[in-house]
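One-letter residues, chain by chain:
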Amino acid sequence: MKNTRIDLRFYFITDDGTSGSGPLEQAKIAIAAGATVVQYRNKAFSDPDFNEAQAIAQMCAIHGVRFIVNDDMILARALGADGVHLGQQDADPALARQILGPGAVVGVSAANLEELARTDTAPCDYLGTGPVFATGTKADAGEAIGLHGLSEVVRRSGLPVVAIGGIFPESVEACMESGADGVAVISAITRADDPAAAAARFAAACGTRPRVLQTPWQDEFLLIDQILGQPGDGRDPQGLLQVGAGDDAALLADIARPVITTDTQHENIHFRRFWQSFFEIGYKAAETAFSDLAACYARPLALFVNLSLPATVSRENVTEIYQGIRKSLAACGAVLGGGNVSSGQDLAIDMFAVGSGHGRIFPVRSAARPGFGLYVTGPLGRARAGLECLMQGDFAFPGLVEAFKYPMARFDAAAVLADHRVACVMDISDGLAGDVGHLAQASGITAVLDLCRAPADPEFASFCEKYQKPPADVMAEGGEDYELLFACPPEVFAAIGRKLPGAFCVGTCRAYNGESVRGLPEAIESFGHTA
Ligand SMILES: Cc1ncc(COP(=O)(O)OP(=O)(O)O)c(N)n1
Ligand SMILES: Cc1nc(C(=O)O)sc1CCOP(=O)(O)O
Ligand SMILES: [Mg+2]
C-alpha cells in the first residue's frame, strides 16, 4: 500500500549551503511555522552528521511532520525516516520501495514531460517538479519550467506534485492554482533575513498552522516521576524517601553519619554515544558516583540525578539512561531520590549520591604513613584497554570492553577494608599514576610504585602484546577501573589479602624525599578528564 494522502502543502528542505543556522535549527523553524514535510538534504553527508539528522527525525516524529531523506534510502532506513526523495540520477524508485517497504514515502523528481515519461512512477507517492522558477540553490538544476511546465506535469502525472525551485510565499498561490499539491522551499526561508518570519509567511500561504515546539523530552517529567519511585511502591524498602519525587525537594528519613558526594559526566569527555548505549551511559554514571561512597565506607542510600539534554536526545534515550541508572541502584540497594531535567548544549549527567557512613571510621587520603604498603583491590588498566578497543573498533577483547562499560563500585572490598580498620583509601577514577600522587601529597609521603607484582591477566596481557604497550604503562595510566587504592601496614594487608583475592601490592610508602611519586613508568600521564 502506498501513501496516497501525504500532506505536501509546505515541504521544507534543509539547506547545506548556507553559513546561517544548521539543518536542525532550520528544521525547527520550519516545523514551528507549520511545515508538513521536512526533507533532509545534505550533499556532503558524513558519519558525524548522523546525530543531527537523527535529531531532525525525532523533531519531525514528535510534531507529526513527515521526514524524508534526499537521495539516500539506506540513510533513510537508518534514521527511521518516513521516506526518501530520488532524482533522475538517483536510485530506482522500485528499489527504494523494496528496501523501505510498502508504508514508506517514495518521492521522485521529474522536471518535464520527457522525464516523466521515462520515470517509473508506479512505486512513487509524489513527484517533485521544477525548477519552476530560477534557483541559485541547486547548481545543476535545469532551465526554469514556469507555471505552464508545472501544470503540464500535473496534468499528466496522476500523482500529487510538489512545485520546487525559486519559490517564495508570493508564488505559492500560483503554484497551487497550476495544480501543485504543495511547494518545496529552501533558500526563501534559510537565507531570509528573518527565517522564522519567512517560514510563517509560507505557512500562511500554504494554509498550514504554526506549532508550539516541543523538545524531545518535554513530557519526560511525567516519566521521571514514574521511575523515581514513590514511598511505599516497593522500590524504597528502607523507607528513606519520606517525601520523594514530585515535590520541590525530597524529605529523607534520618541518616546516621550522612555522607554526600557529587559527580558529573559529560558527553565526549566521560562518554561517547558512539561507543556506549544510553543504558550503559546511565549505569556507569551512577556507579561512578557510588564508587566515591564505597571509597568512604559509606552505605549507599539515594541518588539524585540532573540531566542536561540536547535536542539530539529523545524520550526513549532518556528512558534508557534511567534504566541504566536503575541497574546500578539495584546492584547496591539505593533509591532514586529525585532529579531535574533541563535542555543543554551537550548531554550531561550530574549526580548527587547520599550514603550513611561507617560507625567508627571515615577513611581519608591523608592517612598513609612511611612503612605502609600501597595496595589496590583489583586489576588496573582493563578499563583503559577496553576504551582503546572501542576507539580502534577491535572486538577481540570483550572482557576489557566490559570493564570499561560496566565498572562496579567496590562496596564489597570496602567492607573488608573497614573491618580491618584501613584508614587511607581512595577510588581510582583518573588512573593510578594521578591518584597515587593525590594520596601521597595528602599524606606527605613519597609513594614508590612497583607494578611488577600485578596478578596475571591473560586478556589484558594479550591486549598489551597486540598493541605493543608495556602493561605497567597501561596499569599506571589507565583510568576508570574504579578499584580502591589503599595504604596500610603490610601485616594488615596479609590478613586482608586472604579475603580479597584480587587485591595486590602496587608499591610502598616512604618518608617524603622531595618527590610525591617515584617508580612511575616513563612518559606516563594520568588519564585525565580535563582535556
Ligand atoms: C521535493 C523535491 N523535489 C525535487 C528534488 C530534487 O531532487 P534531485 O533532482 O535528485 O536533486 P537533488 O535535490 O538531489 O540535488 C528534491 N530534492 N526534492
Ligand atoms: C533541490 C532542488 N531541486 C530542484 C529541482 O528543480 O528539482 S530546484 C532545487 C532547489 C530549491 O531551492 P530553492 O527553494 O532555494 O530555490
Ligand atoms: Mg537527488
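Residues numbered from 1 in each chain as written. Chains lettered and ligands numbered in written order. Predicted model: local features only at pLDDT ≥ 70, side-chain atom pairs only at ≥ 80, totals over all residues.

An unreviewed UniProt entry lists the protein under the name Multifunctional fusion protein, from Desulfosalsimonas propionicica.

A. Layout of the overall build of the protein. When helices and strands are tallied, the protein shows 19 helices and 20 strands. Out of the 531 residues in the protein, the part that is buried amounts to 48%. (Helix = DSSP H or I, 4+ residues; strand = E, 2+ residues; numbered from the N terminus. Buried ≥ 20, exposed ≤ 12 C-beta atoms within 10 Å, placed from the backbone.)

B. Expanded view of the site of ligand 2. In the region of ligand 2, 18 residues are neighbours, and Gly 130, Thr 135, Thr 137, Ile 186 and Ser 187 sit closest. Residue classes in the shell around ligand 2 are distributed as nine nonpolar, eight polar and one charged. (Near = placed C-beta within 6 Å. Nonpolar A, V, L, I, M, F, W, Y, C, P; charged D, E, K, R; others polar.)

C. Spotlight on the confidence of the model for the protein. In the predicted model, the protein carries a mean pLDDT of 91, and 93% of its residues have values of at least 70. The model gives residues 229-234 a pLDDT under 50, and that stretch makes 12 contacts with residues more than four places away or in other chains. Scoring of the predicted complex yields 0.67 for pTM and 0.99 for ipTM. (pLDDT = per-residue confidence, 0-100. Contact = placed C-beta atoms within 7 Å.)

D. Quick peek at the site of ligand 1. Residues in close proximity to ligand 1 total 16 residues, the closest being Gly 87, Ser 109, Gly 128, Ile 164 and Ala 184. Taken together, the elements giving at least two residues each to the shell around ligand 1 come down to strand S1 (10-13), strand S5 (105-109) and strand S7 (161-164). Here the shell around ligand 1 is built from residues that sort into five nonpolar, seven polar and four charged.

E. Expanded view of the packing of helix H1 (residues 23-33) against helix H2 (residues 50-63). It is at 9 Å that the axes of H1 and H2 come closest, and there the two elements cross at 10°. Taken together, the axes of H1 and H2 are roughly parallel relative to one another. Note that H1 runs across H2; the crossing there is right-handed. Residue-level contacts link Pro 23, Leu 24, Ala 27, Lys 28 and Ile 31 of H1 to Glu 52, Ala 55, Ile 56, Met 59, Cys 60 and His 63 of H2. Class assignment for the residues of the contact of H1 with H2 results in eight nonpolar, one polar and two charged. (Axes fitted to C-alpha atoms, helices over the stretch in contact; angles between N-to-C directions. Parallel < 35°, antiparallel > 145°, perpendicular 65-115°, else oblique. Left-handed = near helix turned anticlockwise from the far one by under 90°.)

F. Molecular detail of the sheet that holds S5. Taken in spatial order, the eight strands line up as S1-S2-S3-S4-S5-S6-S7-S8 and close into a barrel, and their pairing is parallel. Taking each pair of neighbouring strands and ignoring which way they run, the sheet shows an average axis angle of 25°. Where S7 lies against strand S8 (residues 182-185), three bridges are found, and the strand directions are parallel. Among the inter-strand pairings, Ile 164 is bridged to a residue of S8, identified as Ala 184. (Pairing = 2+ DSSP bridges.)

G. Broad picture of the sheet that holds strand S19 (residues 504-511). Spatially, six strands are ordered S16-S18-S15-S19-S17-S20 in an open sheet, and the strand pairing comes out mixed. Of all strands in the sheet, those bounded by a partner on one side alone are strand S16 (424-427) and strand S20 (517-518). Each of S16 and strand S18 (484-488) is contacted by helix H11 (residues 278-295), which is oriented at about 175° to S16, the strand it contacts most.

H. Region of interest: the environment of Thr 135. Assignment of secondary structure puts Thr 135 in the loop between strand S6 (126-129) and helix H6 (146-157). Taking the C-alpha atoms as reference, Thr 135 lies 9.8 Å from Ile 186; in sequence the two are 51 residues apart. Excluding anything up to four places from it in sequence, Thr 135 contacts Ala 141, Gly 165 and Gly 166.

I. Geometry of the nonpolar core. Counting residues in hydrophobic clusters, the biggest one holds 93 residues, and the most contacted among them are Leu 303, Val 436, Leu 484, Leu 485 and Phe 486. Considering each element in turn, this core owes the most residues, 10 residues, to H11. Setting aside its immediate chain neighbours within four residues, Leu 485 contacts Leu 374, Val 376, Met 426, Ile 428, Leu 432, Asp 435, Val 436 and Leu 439. Ranked by size, the runner-up nonpolar core spans 70 residues in total, among them Ala 27, Cys 124, Ile 145 and Val 153. (Core = buried A, V, L, I, M, F, W, Y, C linked by C-beta atoms within 7 Å.)

J. Broad picture of the packing of H1 against helix H9 (residues 195-206). Between H1 and H9, the least distance of the axes is 8 Å, while the angle of their chain directions is 40°. One finds that H1 runs oblique with respect to H9. Considering how the two elements wind past one another, H1 and H9 form a crossing that is right-handed. Across the interface between the two elements, Ile 29, Ala 30 and Ala 33 of H1 pack against Pro 195, Ala 196, Ala 199, Ala 200, Phe 202 and Ala 203 of H9.

K. Spotlight on helix H7 (residues 169-177). Along H7, the positions that sit buried rather than exposed are Pro 169, Val 172 and Cys 175. Projected down its long axis, H7 shows its buried positions confined to an angular sector of 85°, all on one face. What points out from H7, more than 90 degrees from its buried face, is the exposed set Glu 170, Glu 173 and Glu 177. Summarising the contacts, the buried residues of H7 are in contact with H6, S7, S8 and H9. Within two residues after H7, Gly 179 carries a phi angle of roughly 105°, on the positive side. (Arc of directions from axis to C-beta.)

L. Structural detail: the pairing of S8. The two faces of S8 match: Gly 182 and Ala 184 on one face and Val 183 and Val 185 on the other face are all buried. Pairing geometry for S1 and S8, over three bridges, is parallel. Directly across from Tyr 11, in S8, lies its bridge partner Ala 184. Crossover connection from S7 via H7 to parallel S8: handedness right-handed. (Right-handed = clockwise from strand over helix to strand, strands pointing away.)

M. Quick peek at the environment of Val 84. Tracing the sequence through the fold places Val 84 in strand S4 (residues 83-86). Taking C-alpha positions, Val 84 is 5.0 Å from Ile 68, a pair spaced 16 residues apart along the chain. Excluding anything up to four places from it in sequence, Val 84 contacts Ile 68, Val 69, Met 73, Ala 76, Ala 96, Leu 100 and Val 106.

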